[in-house]
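Geometric and topological summary
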Amino acid sequence: MKAHDQYEFLINDNESLLPTPVGLLQIDQYDSHDDLKTDSVWFSLIVPTYNEGKNITALVRILTTLLDQVLLNNYELIVVDDDSPDLTWKIAQSLISDYPQLRVMRRQKERGLSTAVIRGWQAARGEILGVIDGDLQHPPEILLSLLTQMQQGADLAVASRHVSEGGVSNWSLTRRILSRGAQVLGLLLLPNVIGRVSDPMSGYFMVRRQTLIGKRLSPLGYKILIEVLGRGNIDKIAESGYVFRERKEGNSKVTWKQYIEYLHHLLRLRLSQGRVGRLKRSLKLPISQLIRFCLVGLSGVFVDMAIFYLLSDPNALGWGLTRSKIIAAEVAIINNFFWNDRWTFGYITASQRGWSLRLKRFLKFNIICLAGLILNVFILNFLFNVVGINRYLANFIAIGLVTIWNFWLNLKLSWRTTKIS
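Residues numbered from 1 in each chain as written. Predicted model: local features only at pLDDT ≥ 70, side-chain atom pairs only at ≥ 80, totals over all residues. Heavy atoms only, no water.

A separate point is the overall build of the chain. For the chain, the count of helices and strands is 15 helices and nine strands. The proportion of buried residues among the 421 residues of the chain is 49%. The long-range fraction of contacts in the chain, counting pairs at least 24 apart against all pairs at least 6 apart in sequence, stands at 78%. When the accessible area of the chain is evaluated, it comes to approximately 21000 Å², of which 60% is carbon and sulfur surface. (Helix = DSSP H or I, 4+ residues; strand = E, 2+ residues; numbered from the N terminus. Buried < 20%, exposed > 50% of the residue type's maximum accessible area, 1.4 Å probe, protein only. Contact = heavy atoms within 4.5 Å. Areas by Shrake-Rupley, 256 points an atom, 1.4 Å probe, with all protein chains shown as cover.)

This is the structure we're talking about:
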């Protein structure tokens, strides 16, 4: 089926602008013999923009300089602008004569970053489809690493803030917590999707066109990668670390609306994945590692009890109950982290050496254990006070559930299992 049989085009009067696809958000096989299209290229990079007039000229110059070095005449750069009041599309259009690989689309009937990316992909001629922000917060040089991974056979190559050499520059503590909290929420609702990459919130990645052919896409908000992971036929995934830069020109577009849309998107994808039984199967808990985690946790109980006795017993130091418990719990956490890092997840940490990485894992482990403690208290009270289960049995059930919670979250966040190519 030819592309124009699938969706019609809104032809702009200005012939130098790309026609804007409308209709289904679905990627088709590129047909170079289609009368609406010209010769194919290997790589198509989409730059979705809105009020990026101050950044677009510099970005186009940097991107074309980089891509000309490795893909001369075998790529295209597509700026998809949502009819910006600052005329970003017009500024980009004025650059076409200097940058022959540049194409510009002005959308006047739709809004939104995710749909802009898909519309760009629909008009793209490439075998490999990519996306990068138009605000220079994504370092363009990481493109070369992502391109190498795609040339080596990856279906999806993601620029990640949460692997080695990654980071978020000067983010506030609140923004860091919101970002990680959103990831944890995603892991709970869509573990088999969100858990496949270290940075599911990334807006900087490349995907093989073939993995999306015929897929009906329905994104919400800014997080197009989640849609690609949830609906695409993605097999091999690679990641490259990058440091998210602070914006130099223009204003940030991140608002609370994006977090609401993200939650809505997760729920919609969760419902499309099937019944609750699929959620259970998608957890894919490695039993041998879970057993080791439980044995380490048991050793932590003895450490906790011994330290608590030495600190609080009147015949020993005789410290206060609360202070003794806090110190004992933290010593037990340190004990558990050490053995989990060396034994339970040693097969992962063998490739994640260095004190800085170990410290990051330790801090994540502490936070997750604290969340587990809060969850333990909640489950215990619910089972005892609401359900009416014996307090000791309720405590045993709560410990069991929280152990699985701690293991699974630590597996996904503290000790990453994503394969890095």
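This next bit is on the nonpolar core. Among the nonpolar cores identified, the biggest contains 35 residues, and Phe-43, Leu-45, Leu-63 and Met-206 are the most heavily contacted of them. Those elements that provide at least two residues to this core are strand 3 (41–49), helix 2 (56–71), strand 4 (75–81), helix 3 (88–93), strand 5 (102–106), helix 5 (142–151) and strand 7 (156–160). Formed by 31 residues, the second largest nonpolar core is a distinct cluster that contains Val-158, Phe-205, Val-207 and Leu-229. (Core = buried A, V, L, I, M, F, W, Y, C linked by side-chain atoms within 4.5 Å.)

Further remarks concern the pairing of strand 7. Within strand 7, five of the five residues are buried, leaving the element largely enclosed by the surrounding structure. Side chains of strand 7 alternate between two faces, with Leu-156, Val-158 and Ser-160 and Ala-157 and Ala-159 buried alike. Of the pairings in the sheet, the one linking strand 7 to strand 8 (residues 205–208) comprises three bridges and is antiparallel in character. Across the sheet, Val-158 pairs through a bridge with Phe-205, a residue of strand 8. Relative to strand 9 (residues 237–241), strand 7 is paired through five bridges, and the arrangement is parallel. Across the sheet, Ala-157 pairs through a bridge with Ala-238, a residue of strand 9. (Pairing = 2+ DSSP bridges.)

What follows is about the side chain of Ser-202. Of note, Ser-202 is situated in the loop between helix 7 (191–194) and strand 8. According to the relative accessible area criterion, Ser-202 is buried, its value standing at 2%. At a separation of 3.2 Å, a polar atom in the side chain of Ser-202 contacts the main-chain amide nitrogen of Tyr-204. Beyond its immediate sequence surroundings of up to four residues, Ser-202 is in contact with Val-158, Ala-159, Arg-161 and Leu-225. (Polar contact = N/O pair within 3.5 Å; in protein donor to acceptor, adjacent residues only side chain to side chain.)

Our focus in this paragraph is the packing of aromatic side chains. Within this structure, the stated rule accounts for five aromatic pairs. Each ring, one from Phe-337 and one from Phe-362, has its centre 5.3 Å from the other, and the planes form 70°; the classification is edge-to-face. With Phe-337 in helix 12 (residues 321–344) and Phe-362 in helix 14 (residues 355–387), the pair connects residues that are 25 residues apart, well separated along the chain. The exposure classification of Phe-337 matches that of Phe-362, with both residues buried. Seen from their ring centres, Phe-337 and Phe-365 are 5.9 Å apart, and the 50° between their planes marks the pair as tilted. With Phe-337 in helix 12 and Phe-365 in helix 14, the pair connects residues that are 28 residues apart, well separated along the chain. Accessibility expressed as a relative area gives 6% for Phe-337, which makes it buried. (Phe/Tyr/Trp six-rings, centres within 6.5 Å; stacked < 30°, edge-to-face > 60°.)

What follows covers the environment of Thr-88. Structurally, the position occupied by Thr-88 is in helix 3. Spatially, the C-alpha atoms of Thr-88 and Asn-55 are 9.0 Å apart, while their sequence positions differ by 33 residues. Sequence-distant contacts of Thr-88, defined by excluding residues within four places in its chain, comprise Thr-49, Asn-51, Glu-52, Gly-53, Ile-56 and Asp-81.

Taken as a whole, this structure holds 12 salt bridges when the rule is applied. Asp-199 serves as the salt-bridge partner of Arg-161, at 2.8 Å between the closest nitrogen and oxygen. Taken together, the positions of Arg-161 in the loop between strand 7 and helix 6 (173–189) and Asp-199 in the loop between helix 7 and strand 8 put the pair 38 residues apart, joining distant regions of the chain. A relative accessible area of 8% places Arg-161 in the buried class. For Asp-199, a relative accessible area of 1% translates into the label buried. With a shortest N-O distance of 3.3 Å, Arg-358 and Asp-341 are connected by a salt bridge. (Salt bridge = Lys/Arg side-chain N within 4 Å of Asp/Glu carboxyl O.)

This brings us to the confidence of the model for the chain. Overall, the predicted model of the chain reaches an average pLDDT of 78, with 72% of residues at or above 70. Segment residues 1–13 is flagged for pLDDT under 50; beyond a separation of four residues in sequence, or across chains, it makes 35 contacts in the model. Taken as a whole, residues 417–421 scores under 50 in pLDDT and shows 16 contacts with residues more than four places along the chain or in a different chain. (pLDDT = per-residue confidence, 0-100.)

In contact at an axis separation of 11 Å, helix 2 and helix 5 are set at 35° when each is read in the N-to-C sense. Here helix 2 and helix 5 pass one another in a crossing that is right-handed. Each of Leu-63, Leu-66, Leu-67, Val-70 and Leu-71 in helix 2 lies in contact with helix 5, whose residues at this interface are Leu-143, Leu-144, Leu-147 and Gln-151. Class assignment of the residues belonging to the contact of helix 2 with helix 5 gives a composition of eight nonpolar, one polar and no charged. (Axes fitted to C-alpha atoms, helices over the stretch in contact; angles between N-to-C directions. Left-handed = near helix turned anticlockwise from the far one by under 90°. Nonpolar A, V, L, I, M, F, W, Y, C, P; charged D, E, K, R; others polar.)

With that out of the way, let us pick up the sheet that holds strand 3. Strand order in this open sheet of seven strands is 5-4-3-6-8-7-9, and the pairing throughout is mixed. The sheet terminates laterally at strand 5 and strand 9, the two strands that pair on one side only. Averaged over all pairs of adjacent strands, the angle between strand axes in this sheet comes to 20°, irrespective of strand direction.

The phi dihedral of Asn-73 falls on the positive side, at around 65°, and the residue is not glycine. Phi is positive for Leu-136, which is not a glycine, with a value near 65°. In this structure, Leu-136 sits in the loop between strand 6 (126–131) and helix 5.

Here we take up the environment of Leu-212. On the secondary structure map, Leu-212 appears in the loop between strand 8 and helix 8 (224–231). The sequence separation of Leu-212 and Arg-231 amounts to 19 residues, and the corresponding C-alpha distance is 7.7 Å. Setting aside residues no more than four positions away along its own chain, Leu-212 makes contact with Ile-27, Trp-121, Val-207, Val-228 and Gly-232.

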